[in-house]
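This is what each chain is made of:
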Amino acid sequence: MNQPKRYTITAALPYTNGAIHIGHLAGVYVPADIYARYLRLIGKDVIFICGSDEHGVPITIKAKKEGVTPQDIVDKYHAIIKTSFEDFGISFDNYSRTSAKVHHETAQEFFKTLYDKGEFIEEITEQLYDEEADQFLADRFVTGTCPKCGNEEAYGDQCEKCGSSLNATDLINPKSAISGNVPTLKETKHWFLPLDKHEAFLREWILEGHKKDWKSNVYGQVKSWIDDGLRPRAVTRDLDWGIPVPLEGAEGKVLYVWFDAPIGYISSTKEWAQRVGKDWEPYWKDKDTKLVHFIGKDNIVFHCIIFPAMLKAEGSYILPDNVPANEFLNLEGNKLSTSKNWAVWLPEYLEDFPNQQDVLRYALTANAPETKDNDFTWKDFQARNNNELVAIFGNFINRVVVLTDKYYGGVAPEPSEFSAVDEETLAAVKAYPDVIASSIERYRFREASQELINLARLGNKYLADEEPWKLVKTDEARTKTIMFVALQIASALATLSEPFLPFTANKLKTILNITSGDVENSWTDISSKNVLLPTGHKIGKAELLFSKIEDEAIQGQLDKLIASKLANEAANKKVEPQKETISFEDFSKLDMRVGTILEAEKMPKANKLLVLKIDTGIDVRTIVSGIAESFNAEEIIGKRVTVLVNLAPRTLRGVESQGMILMTESEDGKLVFVNPDISTEAKVPNGLQIS
Ligand SMILES: [Zn+2]
């Protein structure tokens, strides 16, 4: 689409059972916000729409676990999520929620239209049913073995290990998550969207029509879904949490959350339109509107296949022009995980790094998972801040403002003749809006953010090369010209940084005193105006835009993650199942004695082995034991131990080991001796049998 009349930008509706973490921000909300802010700056008619996705089974599971109602859960997280978005400057024109009345009505109406047009298939199917809980089992309430990869913890709708989309009845050895029982099958009536019927349209629209402009990761996933063959998909389910199916005889059934959630974009637009007194329909129904969905890769199928099929079936809506889905962001080498608390949560980030929203926005953009999964590391975060934001952007601005204040009392000086370098520099500044815009319009936000830093780099280099602090004593006219040029660059940065660093841009505009009037520049002004900040304009005092992040702050974050890792390991430690039953005769074959370690030394060239001399009460014998990683030789001399004395001797590294010491393991993996209770030690001489 070359010249859209208006833009409808949507960002994936966050699911309301937890807070927002950096993965969400990097994958969806920061790129969407950069795009929306940029479009506003170039004067486009744009709405940026989002809201909380408040239906579906995981919310009911969480409510059940916490002993509260699903409404309690969504109220709590809707508030937390909304605040995080505001805190990080995500500039939604409207943030709604799918429990809103306008959404229930819109979704029901949408369903009714498709129903009346005969777009659904009605089918009585057998669904898994938990007899004890007396309810149908939503697919998230069923776990079992994935028929495709053998993962034993697959859910009824999806295997998170291999990514396959499943039906609950496909699972091998299904189990109810409510009671743990094996579910039975029971008949129930549901409505299905026959996706197979839309295959030809999807092939033509996406595989032919968007071959060139959609990201290859998105296009590739869509193609494989379509080539795999599309099947009818249930749009209703048996559940008591959600939007009631607006048909007679459908009591106890609600719309499937995947069906109602994307309609949430439309209802949120309606809510916005009502609030600002506009018509919502052109934003969804006029073919000159450019619709763009920002999502993470787990949402591709819903936004590229299912929702477009719904919109097409309804008939009056436009289709998305692009769905620039990102890949996943990992954290310090591991997959982000809510349940394992392997994440950086936005509220916590702000506690640890107050007023440093832009640093995170920038670090996540500069390292965004645009074409492949990417790793967020705290070291990279620190480097992005210290080496780019502080050393380049912040340093340049600070020099310009401090020197202007020092030399001219904060008043922009009058330039004399421009040198060739000045001309080149000013021409280069004029080129930046198009360069950055071209990256943004192709959804290459990493590249765009680096171009922004390049502009700051240009300013920094210009000052370093021209050295006004040296010339000020000898060449007043030249110094004024240099400072004038530097002020133009600073002014350009104030505008062009806004999509990426909105808080910094505001601060910078205040410092430069360019928040209104002729000195307030739009994106295109940077290219078209010859003077961005005129002679005689009074700027304010310097204020630090960014501050250095010290190693201790980074170590603090790494320590938090290590604590999470240890807690997970402790929680996941599995107890080995009991071994086969043995007879008393079997047991009595083991001759175990209490003994004392008399000598211990490291086995040469073996990291794990200690050579011990043990008084077993029967004799003093040599035992080679693999405990060197848990103990130093000196510290265990004199230790009471339990020895299996009739184990057949083995030769280890040329030393014959005549028995075995009994050990167990502590939580952190360190070996622990199994030995007689110290309080009764005096009464347990060496050589006594264990029975
Ligand atoms: Zn699988």
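Each chain has its residues counted from 1, running along the sequence as written. Local features are withheld for residues below a pLDDT of 70 in this predicted model, meaning they are given only at 70 or higher, and side-chain atom pairs are given and counted only at 80 or more; totals for whole chains, interfaces and linings count all residues. In computing side-chain values, all of the structure's heavy atoms are included and hydrogens and water are not.

A. Fine view of the overall build of the protein chain. Helix and strand assignments follow DSSP, with helices taken as H or I runs no shorter than four residues and strands as E runs no shorter than two, numbered in order from the N terminus. The number of helices and strands found in the protein chain is 20 helices and 25 strands. Relative to the compact-globule value of 26 Å for 691 residues, the protein chain shows a C-alpha radius of gyration of 33 Å, a clear excess of over 25%. Each principal axis of the C-alpha distribution contributes one length, and for the protein chain these read about 100 × 85 × 45 Å. The proportion of buried residues among the 691 residues of the protein chain is 51%. When checking whether two residues touch, look at their non-hydrogen atoms; a contact exists if any pair is within 4.5 Å. Of all intrachain contacts in the protein chain linking residues separated by at least 6 positions in sequence, the fraction that spans at least 24 positions is 74%. Separation between the mean location of the 80 positive side-chain charges and that of the 102 negative ones in the protein chain comes to 3 Å. Based on C-alpha atoms, the radius of gyration is set beside the globule rule, defined as 2.2 Å times the residue count to the power 0.38. Here the term buried applies to any residue with accessible area under 20% of the maximum for its type, exposed to any over 50%, and partly exposed to those in between, with areas from a 1.4 Å probe on protein chains only. When charges are counted, Lys and Arg are positive and Asp and Glu negative, with His and the chain ends excluded. Here the site of a charge means atom NZ of a Lys, CZ of an Arg, CG of an Asp or CD of a Glu.

B. Here's a closer look at the sheet that holds strand 6 (residues 142-145). With antiparallel pairing, the three strands of this open sheet are ordered in space as 7-6-8. Strands with a single pairing partner mark the edges of an open sheet, and in this sheet they are strand 7 (154-155) and strand 8 (172-176). With two bridges joining them, strand 6 and strand 7 adopt antiparallel strand pairing. The residue of strand 7 that forms the bridge with glycine 144 is alanine 154. When DSSP locates at least two bridges between a pair of strands, those strands are taken to pair.

C. Fine view of the sheet that holds strand 19 (residues 620-625). With antiparallel pairing, five strands are arranged side by side in an open sheet as 19-18-17-20-23. Each edge of the open sheet is held by one strand with a lone partner, namely strand 19 and strand 23 (660-661). Where strand 17 (residues 592-602) meets strand 20 (residues 640-644), five bridges bridge the pair, whose relative direction is antiparallel. For threonine 596, the partnering residue across the bridge sits in strand 20 and is arginine 640.

D. Just the coordination of the zinc ion, in detail. All of the protein donors around the zinc ion are Cys146 (SG), Cys149 (SG), Cys159 (SG) and Cys162 (SG); their distances to the metal are 2.3 Å. For the zinc ion, the four donor atoms in the first shell make angles of 105 to 112 degrees at the metal, so the coordination geometry reads as tetrahedral. Each metal site lists N, O and S donors within 2.8 Å (3.2 Å for Na, K and Ca). With water left out of the atoms, a site can look as if it is missing ligands. All donors to the zinc ion come from one chain, and their sequence spacing reads C-x2-C-x9-C-x2-C. With a relative accessible area of 2%, cysteine 146 lands in the buried category. Classification of cysteine 149 by relative accessible area gives partly exposed; the value is 34%. Geometry assignment treats four donors as tetrahedral when all angles are between 85 and 135 degrees, treats four as square planar and six as octahedral when opposite donors are over 155 degrees apart and all others between 65 and 115, and treats everything else as irregular.

E. Structural context of helix 14 (residues 445-466). What a helix should span is 1.5 Å times the count of its residues minus one. The end-to-end C-alpha separation of helix 14 is 32 Å, in line with the 32 Å expected for 22 residues at 1.5 Å each. Within helix 14, burial applies to Phe445, Ala448, Ser449, Leu452, Ile453, Leu455, Ala456, Gly459, Asn460, Tyr462, Leu463 and Glu466. Two residues or fewer past helix 14, glutamate 467 is found with a positive phi of approximately 45 degrees.

F. Representation of the UniProt feature "binding site: ATP" (unreviewed entry) in the protein chain within the structure. Per the UniProt record, "binding site: ATP" (unreviewed entry) is annotated on Thr338. Note on placement: threonine 338 falls in the loop between strand 15 (334-335) and helix 10 (346-352). Beyond its immediate sequence surroundings of up to four residues, threonine 338 is in contact with His21 and Trp345. UniProt positions are given in the numbering used here, feature names are shortened, and annotations may be inferred rather than shown by experiment.

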